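Inside the fold
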Amino acid sequence: MSDPVFLITGASSGIGAATARAAAQAGYRLVLAARSTDKLQALADELGGPDRALPVSCDVTEWEAQEAMVAQALERFGRLDVAFANAGFGGGRSFLAGEPEQLRDMVLTNVYGAGLTVRAALPALRQSQGHLLLTGSVAGHRVLPGSMYSVTKWAVGAMAEAARQELNGSGVRVTLISPGQVDTPFFDQQRSDGRLRAGDVAGAVLYAISQPPHVDVNEILLRPTAQDG
Ligand SMILES: NC(=O)c1ccc[n+]([C@@H]2O[C@H](COP(=O)([O-])OP(=O)(O)OC[C@H]3O[C@@H](n4cnc5c(N)ncnc54)[C@H](OP(=O)(O)O)[C@@H]3O)[C@@H](O)[C@H]2O)c1
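Please read all numbers here as calculations on a predicted model, not as lab measurements. (Residues numbered from 1 in each chain as written. Predicted model: local features only at pLDDT ≥ 70, side-chain atom pairs only at ≥ 80, totals over all residues. Heavy atoms only, no water.)

1. Examining the overall build of the protein
Formally: Starting at the N terminus, helices and strands are each numbered in turn, a helix being any DSSP run of H or I of at least four residues and a strand any DSSP run of E of at least two. Values of the radius of gyration come from C-alpha atoms, whereas the globule rule sets the reference at 2.2 Å times the count of residues to the power 0.38. Whether a residue is buried, partly exposed or exposed follows from its accessible area with a 1.4 Å probe, protein chains only, as a fraction of its type maximum: under 20%, in between, or over 50%, in that order. Contacts are residue-level and defined by heavy atoms, with any inter-residue pair within 4.5 Å sufficient. Every accessible area reported is derived by Shrake-Rupley at a probe size of 1.4 Å, with residue values counting cover from the shown protein chains alone. The convention is simple: Lys and Arg are positive, Asp and Glu are negative, and His and the chain ends are not counted. A charge is said to be at NZ when it belongs to Lys, at CZ for Arg, at CG for Asp and at CD for Glu.
Within the protein, the regular secondary structure consists of six helices and nine strands. Relative to its length of 229 residues, the protein is compact, with a C-alpha radius of gyration of 16 Å against a globular reference of 17 Å. Viewed in the frame of its principal axes, the protein has a C-alpha envelope of about 50 × 40 × 35 Å. Counting every position in the protein, which comprises 229 residues, the buried fraction comes to 49%. Summarising the internal contacts of the protein: among those between residues at least 6 apart in sequence, 67% fall at separations of at least 24. Here the protein displays about 11000 Å² of accessible surface, and carbon together with sulfur accounts for 49% of that area. Charged side chains in the protein number 19 positive and 23 negative. The centres of these two groups are separated by 5 Å.

2. Things to note about the environment of Asp3
Rules: We define a polar contact as two N or O atoms separated by no more than 3.5 Å, with the added condition that, inside protein, one atom must be a possible hydrogen donor and the other a possible acceptor, whereas residues neighbouring each other in sequence contribute only through side-chain atom pairs.
When you line up the elements, Asp3 lands in the segment before β1 (5–9). Residue classification places Asp3 among the partly exposed positions, given a relative accessible area of 32%. Sequence spacing of Asp3 and Arg79 is 76 residues, and the spatial spacing of their C-alpha atoms is 9.5 Å. Apart from residues no more than four positions distant in its own chain, Asp3 is found in contact with Gly27, Arg29, Arg52 and Arg79. Within polar-contact distance, the side chain of Asp3 engages the side chain of Arg52 at 2.9 Å.

3. Concerning the site of the ligand
Where we set the bar: The cutoff for a nearby residue is simple: one of its non-hydrogen atoms must lie within 4 Å of the molecule or strand. Asp, Glu, Lys and Arg are counted as charged, while Ala, Val, Leu, Ile, Met, Phe, Trp, Tyr, Cys and Pro are counted as nonpolar; the rest, among them Gly, fall into the polar class.
Lining the immediate surroundings of the ligand are 29 residues, of which Ser13, Arg35, Ser36, Tyr149 and Thr184 lie closest. Here Tyr149 contributes a side-chain N or O atom positioned 2.6 Å from an oxygen atom of the ligand. Here Lys153 contributes a side-chain N or O atom positioned 2.9 Å from an oxygen atom of the ligand. Elements represented by at least two residues in the shell around the ligand include exactly α1 (14–25) and α5 (148–167). Residue classes in the shell around the ligand are distributed as twelve nonpolar, 14 polar and three charged.

Below, the structure written as structure tokens:
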């Protein structure tokens, strides 16, 4: 049997890129999606080139791009075993911060974009009895003051459970990955002290997908040991 195939949105950076590296190490072939095609190409080269990794330019807020992403994955590799709806970004903690357009972009990327990834990947995942993962957040468990980001991650948590219920009995498993603070370009200022590393989150993803078929790890909530709140 050919090696299983793992698709990641937001693969150009942070948690997505770290998960791609860990999955490649575990023997998966990769479909790497984001808007920064130069970074995706460099990562695809690092992970073994065209036979092992396919870089796909995809803005997750565009349905046609997401449809094409899955079509390219199936054309290149013939199957899809894991889809990780991970693309997203954060923002300020006030409804008065930034421009109104930023709130729109955040909802479109973090919620609508994740929903489109679920929609695009679902038929192929049903066929493979595969695994769907979404990146939530601790901010999707607590309500943060003035945070539209927190609102979007509550929605992603609901999306994971809605998908789990729709897929119940299909053999497809669904996991919500909910990290606390992770040291990635998500933050304007990077610092390694007191935050998780992207590889720690990748480890949680790999744990979820390596369980036996009758075990569905529905959520992994992980914080740095010293995180407040
Ligand atoms: N870092 C944290 O503390 C933390 C904690 C909890 C949850 N999260 C969540 O983890 C996920 C990954 O974030 P990260 O920490 O790894 O940050 P990151 O390093 O900034 O990565 C974000 C990724 O999302 C992609 N992305 C953003 N908008 C996109 C769009 N419209 N279409 C396609 N891709 C898009 C970016 O790629 P391009 O710009 O190349 O498109 C990038 O690959 C996000 O959902 C974030 O909310 C992060």
